[in-house]
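# Tertiary structure, described
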Amino acid sequence: MRQKLDYTYGTASHSFSKEILVDRVGARISRSRLSNPKVELLIDLAEPQATPSLVAVRTRPAISECTRVRKLRPPSGLLVACGDVASLAAPAIWSRYAIAQVSFSLLAVVIVALSGLYRPRLEPSALDLLPTALERTLVSAAIVSTVVALSHQPLAVGGVLIGALSGMAILVVGRYVTARVVRLVRRVGLVRYRTLLIGAGPQAQHVARALAVDPTYGLAVTGYVADLVVTPEADRAEMQDIGVPCIGDITFLDGVLADLQPEVLVVGSSGFSDSDVSDVLRKVRFLRCDVFVIPRLLDGRLHGLERIGAVPVARVTRNQRSRIALTAKRLLDICVAVSALAALAPILLACALAVRIDGGPGIIFRQVRVGRDGRRFNFLKFRSMNPETVQAGDTTWSVANDARVSRLGRLMRRTSADELPQLWNVLRGDMSLVGPRPERPFFVKKFAAEIPDYELRHRLPCGLTGLAQVSGLRGDTSIADRARYDNYHIEHWCLWMDIEVLARTVREVLARRGG
C-alpha cells in the first residue's frame, strides 16, 4: 500500500511515499523516508481511510554531522601492561638475578593479560582489580622460583622471591601513575569512544548526564535510539535538553550501527523489548564495539559490575573469533583429520568393502549441504540407505527405524562409522571438526522460516560433531533445541570448547550412542 503525501517539516515542504512496514498493537505504523534523507516520520495509520496523523518525527544526521570523535582505540590496557612490566622488572637494576627478575615480570604480565585484567575499564583506578593482579603475579613468582630451584640454584630462590616482592611493591605505585595518566588523556580528549545509547528512560538519562559532565570515562555520546512509539515525549525532551540527539527508532538499529559505527553501546533497561536489541546484536557479526547493559535486577546481589555515575552497568563479553583463533581452529582440524584418516584407514577400507558387498556400487553417498555463510558443498558419507530418487533424499526427513536403512547401515549409524568420510570434508575445508551439523538446503529454508534464529547457526563452519550432538540431540530430535545449542556454542566459542566436544564425542562413540 503506497500513497503520496505532503508534509511540512520546519520551513521546507517534503513529498514522500509511505509504505506500511510494521504492525503494532492497535495501530499500524508507517516509517516513511522523506525526500530529505535526514528526516523520517512515524505515521499512525490506525484508520487507513482517514488522514494519517503524525506520531513522531526524527532527524537522522549524516555521519559527518554526528559528534566527531577521534577514531582511536585507547591504549589504556597496553599502557597499564607496559607500566606493570617496568614496575616488576625495576629490581633487576640492583638485583644479582636480573634475568630471573625480567622473566618473572614478563610471565606475570602474560598471566594477567590471559586473565583479561588489561581490558580498559570505565573508571581507571590504581586499586582497580589490583588484588587479582597481585594474585596472578604471585603465581608467576612461584613458577620462576621453581624453575630456578630445579636448575640447581636453590640458594638463589630467596633472592628471586625478594626481587619479586620488591617488584610487586613498585607495581602498586606504577598502577597509581598509569591510572592518573589514563584519566588525564581522557580528560583532555585525546582518547574518546563514540558511544550510542539505546533507550531514553530515567537510567539512560542519568548515564547521559554523567558522561556529559565527566570526560574521564572517555565516552562521547553520539545520540540515542529508542522505540519512538512507546517512549514518552517527556523522556525524549529530557534527552534533548541534556544534549543527546535522537538518532532514530530502534527498528532501524541495525542500519544505525552500520552508519555510525559506534565503539561503545550502552543498553538501557526500559522502553523496548529485549528482542529488539538482542536480535540485532547477535546478527551483526562484524560489530566491533564494547556493549554495556544496565541490568534490570538492581538489588545489590550482582557482582562484577562497573558503573557510570550511580548506574551500574554490566559489560557484555564478546566472543573474540579473531583471525589467530580461527587459524588455530583450522590447524587443529587439519592435524586431527590427517591423523584420523591415517589411523582409521583399515576401518575405512573395511566399511567400504562392506557397503560394496551389501548394496553394490555407490559406496560414497554425496549430498549437497549448507555450510558457513550459506555456502553449499558436497557432503560425504558411507551409503547406509537407498532413497528412491535423489530428490527424495534431498527433501525427505530421516526418522528412527526408517525402512530405507539397511541392516549394515543401522550398525554403521549406531557406531557413527558412516560419518568417517567427512574427515575428507574437514581436510578440504568444507567443514570443521566441531560445529553445527550441516543440513540440506530444502530443510535449511524450511527451518529458517519456522524456528527463530535458526539461520544464525551458519556463522561458523559446520562440523563433524557439535555441542548439540554430544548433548544427546542426534537423530530424530528437536530442531529448535539443536539450534539453541548450536548458537550457544557459536556465541561462547573458544578452542578449548572444541577440544572438550571432541573428547565427549569419543566417549559417545565408544558407548555406541551414535544414533
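Our structure is the block above this text.
In what follows, the accompanying structure is described.

Reading guide: rules and limits
For every chain, the first residue of its written sequence is number 1, and the numbers climb from 1 along that sequence. At least 70 in pLDDT is required for a residue's local features to be given in this predicted model, at least 80 for side-chain atom pairs to be given and counted, and no such filter applies to totals for whole chains, interfaces and linings, which use all residues. Think of the side-chain values as coming from all heavy atoms in the structure, minus any hydrogens and water. Two rings from Phe, Tyr or Trp (for Trp, the six-membered ring) form a pair when their centres are within 6.5 Å of each other. A pair whose planes differ by under 30 degrees is stacked, one over 60 is edge-to-face, and the rest are tilted. Throughout this description, buried means an accessible area under 20% of the type-specific maximum (1.4 Å probe, protein chains only), exposed means over 50%, and partly exposed covers the range between. Distance and angle both matter: a charge sits over a ring if NZ of Lys or CZ of Arg is within 6 Å of the ring centre and within 35 degrees of the ring normal. Under the DSSP-based scheme used, a helix requires at least four consecutive residues in state H or I and a strand at least two consecutive residues in state E, with every element numbered from the N terminus. Here the expected span of a helix is defined as 1.5 Å times the quantity of residues minus one. Note on pairing: DSSP must find at least two bridges between two strands before they are called paired. The convention used is that axes are lines fitted to C-alpha atoms, helices contributing only their stretch in contact, and that angles between N-to-C directions extend from 0 to 180 degrees. The definition of a nonpolar core used throughout is a set of buried Ala, Val, Leu, Ile, Met, Phe, Trp, Tyr and Cys residues joined through side-chain atoms within 4.5 Å. Contacts: residue pairs with any heavy atoms within 4.5 Å of one another. Think of it like this: strands point away, you trace from the first strand over the helix to the second, and a clockwise trace means the crossover is right-handed. Here roughly perpendicular refers to angles of 65 to 115 degrees, roughly parallel to angles under 35, roughly antiparallel to angles over 145, and oblique to all remaining angles. What makes a crossing left-handed is the near helix being turned counterclockwise from the far one by less than a right angle; a clockwise turn instead makes it right-handed. Residue type decides the class: Asp, Glu, Lys and Arg count as charged, Ala, Val, Leu, Ile, Met, Phe, Trp, Tyr, Cys and Pro as nonpolar, and the leftover types, Gly among them, as polar.

## Here we look at the packing of aromatic side chains
Scanning the model with the defined rule gives three aromatic pairs in all. Summarising the aromatic geometry, the rings of Phe 442 and Phe 443 are spaced 5.0 Å apart at their centres and angled 90 degrees between planes, so their arrangement reads as edge-to-face. For Phe 442, a relative accessible area of 42% translates into the label partly exposed. Of the residues examined, Phe 443 reaches a relative accessible area of 5% and is grouped as buried. Ring geometry for Phe 447 and Tyr 454: centres 5.5 Å apart, planes at 65 degrees, overall edge-to-face. Per residue, the accessibility class of Phe 447 equals that of Tyr 454, and both read buried. An aromatic cluster of at least three residues, connected via ring pairs, comprises Phe 442, Phe 443, Phe 447 and Tyr 454. The ring of Phe 379 has Arg 369 sitting right over it, with the charged end atom 4.1 Å from the ring centre.

## Observations concerning helix α4 (residues 157-187)
Owing to its 3.6 residues per turn, the α-helix brings residues three or four apart onto one side. For α4, with 31 residues, the first-to-last C-alpha span of 44 Å sits near the 45 Å given by 1.5 Å per residue. With its phi angle positive at about 85 degrees, Gly 189 sits one or two positions after the end of α4.

## Focus on the sheet that holds strand β10 (residues 290-293)
Strand order in the open sheet formed by seven strands is β8-β7-β6-β9-β10-β12-β11, with mixed pairing between adjacent strands. Among the strands making up the open sheet, the edge pair consists of β8 (246-249) and β11 (306-308). Put simply, the sheet's adjacent strands are angled 30 degrees from each other on average, direction ignored. Here four bridges tie strand β6 (residues 193-198) to strand β9 (residues 264-267), and the two strands are oriented parallel to one another. Bridge pairing in β9 links Leu 197 to Val 266.

## A look at the nonpolar core
In terms of nonpolar packing, the biggest core is built from 25 residues, with Leu 197, Val 207, Leu 219, Tyr 224, Met 239 and Ile 308 touching the most fellow members. At the level of secondary structure, the elements contributing two or more residues to this core comprise β6, α5 (202-213), β7 (219-226), α6 (233-242), β9 and β12 (311-316). What Leu 219 contacts, discounting residues up to four positions off in sequence, is Leu 122, Arg 192, Tyr 193, Thr 195, Leu 211, Val 264 and Ile 308. Core analysis: the next-biggest nonpolar cluster, separate from the first, contains 22 residues, Cys 351, Phe 382, Met 412 and Leu 467 among them.

## A few points about the pairing of β7
Note on strand geometry: in a regular strand, side chains alternate between the two faces of the sheet. Buried residues dominate β7, accounting for eight of its eight residues. Note that β7 and β8 share three bridges and pair parallel. Bridged to Tyr 224 within β8 is Cys 246. Following the backbone out of β7, through α6 and into the adjacent parallel β8, one traces a crossover that is right-handed.

## Describing the packing of helix α2 (residues 98-114) against helix α3 (residues 130-150)
Axis angle and axis distance: for two packed helices, these are the angle between their axes and the distance between the axes, and together they describe the pair. Relative orientation of the contacting elements α2 and α3 amounts to 140 degrees, with a least axis distance of 8 Å. Classified by the interaxial angle, the pair formed by α2 and α3 is oblique. With respect to the hand of their crossing, α2 and α3 are arranged in right-handed fashion. Of the residues in α3, those in contact with Ala 100, Ser 103, Phe 104, Leu 107, Ala 108, Ile 111 and Val 112 of α2 are Ala 133, Arg 136, Thr 137, Val 139, Ser 140, Ala 141, Ile 143, Val 144 and Val 148. When grouped by side-chain class, the residues that make up the contact of α2 with α3 number twelve nonpolar, three polar and one charged.

## So, the environment of Arg 366
With respect to the secondary-structure elements, Arg 366 resides in strand β13 (residues 364-370). Considered as a pair, Arg 366 and Asn 378 are twelve residues apart in the sequence and their alpha carbons are 5.9 Å apart. Discounting chain neighbours no more than four positions away, the residues touching Arg 366 are Phe 379 and Leu 380.

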